[in-house]
Amino acid sequence: MSQVKYLSIVALLLASLVACTSTPKNQAKVEKATTTKTDKQARQPKTAADYLARAEIATSEQQAAIWYTRASDELLKTGRAIEAHALLSQISPALLTDFMRQQYQLFMAESLLLLGDDQLSYQIAKELKPINQFESRVLLVKADSAAASQHDLAAARARIAMIESGLFQSEQGIFNQQIWHHVNQLQDVSLTNFVSNKEPTLSGWLQLVKISRDFADQSELMLNKIKQWQQTYPEHAAAQSLPDDLYQALNTEQYPVNQVMAVLPLTGKFAKQGKAVQQGILAASLDSDVIVQFIDSQNYDFTQPTPENIDFVIGPLLKENLSNFAQYFAGIPALHLNQIDELTLTPSHYSFALTPESEAIQAATMLAEQGYRAPAIIAANNSFGHRISQTFKQTFEQKTNNKAHLAYFNSADDMKNVVEQVLGTKSSRTHIKTMKTLFNNAKKFESEVRNKQDIDMIYLVGDPTQTKLLKPFIDINTASYTKPAPIYATSRSYTNNIDMLDFNDLANITFSQIPWLLPGDSKEQALAQEMRQVWPNSQFATLSLFAFGYDAFSLLPNLARMKAFSGFYQSGLSGELSVNRSGQVERKLAWGQFKANKIIRRDTIH
């Protein structure tokens, strides 16, 4: 079938356009008699239907491809992205001239963005060069696709280019706020690495973010540093008008923290967990003058009068106490150590929770940003495995619009079969067995099991023993001539009880973990080592709760400012901490990797 006839099939799907926009014969006669346009102007196509009609009578594939490309543009202008993308998908770019091919790429990037395929749209848009008469659209799709796919540095650069083009005069204020948002998502290392005299505007933004982070808990010093920055960048947009949240943060008073009450389960079933958090709070308060009073939540009477002279309350740890706690301490600033969906935080109440779901969301988001598109999730068939795997799957699919394959194992005996099914080696082995039978089991028949090539990453949800058993099955079901899919795992894959001999089985698995339980030379790791000596037989769960309590106390003075300013991060024992506009503390974990005889810390994952 010729390209023209093949494209005609697509055109038939859009035939309604022609019907809807065709002009009745009598009306056409009137218009012909009264129009002042030249015949040539009257013949110019104006709608998608007009261009489709031209394509249908084109005398060459090249000419038809041009008209179909023009039709897709008109469809995009009217918001019909599905039809536009369907049409573009049938066009061979090789039939187009360079100028039309550039437009084709632009329209494809726009249609993909409208359809929610942000990553593919960005991959196309980032390669676009300026196109005559389409300059603003090129800039817009570059910026919007980068923002939607969370390529924040590229998005910031694209917004800066939009401002500098002079094509968006009325939207510069909005763009500056968007640039500020994007640069605030960058890691600290980017704030230094991308400063350049060749990009003064971007460099100014990056240095302003660095100041806001370095001096976030010292408002007076931050203000002085900002004034120095304004002298260095007098023409910068932010020098004339500081970003809204930074201005608000500078004018937000910190909470006074002199007397703190911590409400924790110190008796009963959860006393061990409560006391671990208590030790963390005590360790954090050692170098301060703050008076901390500990109350047992299991024996506290919430009907008695509210205590006086309390600046801040920490707790409770248990969900069952949250509602009563929130009502009882409604007039006192509080940091809850758990959260429930049905409880709305008041302006002076905050929540901080060590939820495994947040770890899965972070992992799925980061791996999606790394460009993975076809993950396989292998999880234990229990309540924890279901919670984490489903959260990871839903988050990943939402971020990428790609399906994630999910499989559960019931026991160690079930692992081999599950891995073979996930990697597709079971059918390969069956095929090899059949071929050997046909060749009468010839000894010279050489074969190697083939695994699926469409899986680009594996995410394991299991405890250390399960992870250790799964890894060899994955290794032996990966063909020697293929590049192994990288393996990632949850924090539960690593505990302080892992024997060094197990590291060979776990080699090259990358896992998320709270920072102070990973190797390092900071005071946080020194504190971790000290606590291991105090609690020599403690589990990571206990150490994590200690870090949780330590961070909870350390956050108190800065919570209001962190809530006002999205770029305010505080490095804690349990992760990099920030506070969203709802008052919830968000936690970003670190990454470690198993090597032959040690754990190494990974600042980036790929």
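See above for the structure.
1. A short note on helix H8 (residues 98-114)
- Compared with an ideal rise of 1.5 Å per residue, which puts 17 residues at 24 Å, H8 spans 25 Å between its outermost C-alpha atoms and is within 8% of the ideal.
- Among all positions in H8, only Met100, Gln103, Tyr104, Leu106, Phe107, Met108, Ala109, Glu110, Ser111 and Leu112 are buried.
- For H8, the elements touching its buried residues are helix H6 (61-77), helix H7 (81-89), helix H9 (118-125) and helix H10 (135-148).
- Count one or two residues on from H8 and you reach Gly116, which has phi positive near 90°.

2. Regarding the environment of Val209
- Inspection of the secondary structure puts Val209 in helix H14 (residues 200-214).
- Residues Val209 and Leu246 lie 37 residues apart in sequence; the distance between their C-alpha atoms is 9.5 Å.
- Setting aside residues up to four positions removed in sequence, Val209 forms contacts with Trp180, Val183, Asn184 and Leu191.

3. Considerations on unusual backbone geometry
- The residue after Gly315, namely Pro316, is reached through a cis peptide bond having omega -5°.
- A positive phi angle, near 75°, is found at Gln133, a position not held by glycine.

4. A closer look at the packing of aromatic side chains
- A full pass over the atoms with the stated rule returns 23 aromatic pairs.
- With centroids separated by 4.8 Å and ring planes inclined at 50°, the aromatic side chains of Phe325 and Phe329 adopt a geometry described as tilted. Summarising the burial analysis for this pair, Phe325 and Phe329 share the class buried.
- Between Phe352 and Phe548, the aromatic rings sit 4.7 Å apart at their centres with planes inclined by 65°, giving edge-to-face as the arrangement. With a gap of 196 residues between them, Phe352 in the loop between strand E5 (349-351) and helix H20 (356-369) and Phe548 in helix H27 (residues 540-555) connect regions that are remote in the sequence. Here the two residues Phe352 and Phe548 agree in accessibility, since each one is buried.

The rules we used
- Residues numbered from 1 in each chain as written.
- Predicted model: local features only at pLDDT ≥ 70, side-chain atom pairs only at ≥ 80, totals over all residues.
- Heavy atoms only, no water.
- Helix = DSSP H or I, 4+ residues; strand = E, 2+ residues; numbered from the N terminus.
- Expected span 1.5 Å × (residues − 1).
- Buried < 20%, exposed > 50% of the residue type's maximum accessible area, 1.4 Å probe, protein only.
- Contact = heavy atoms within 4.5 Å.
- Phe/Tyr/Trp six-rings, centres within 6.5 Å; stacked < 30°, edge-to-face > 60°.

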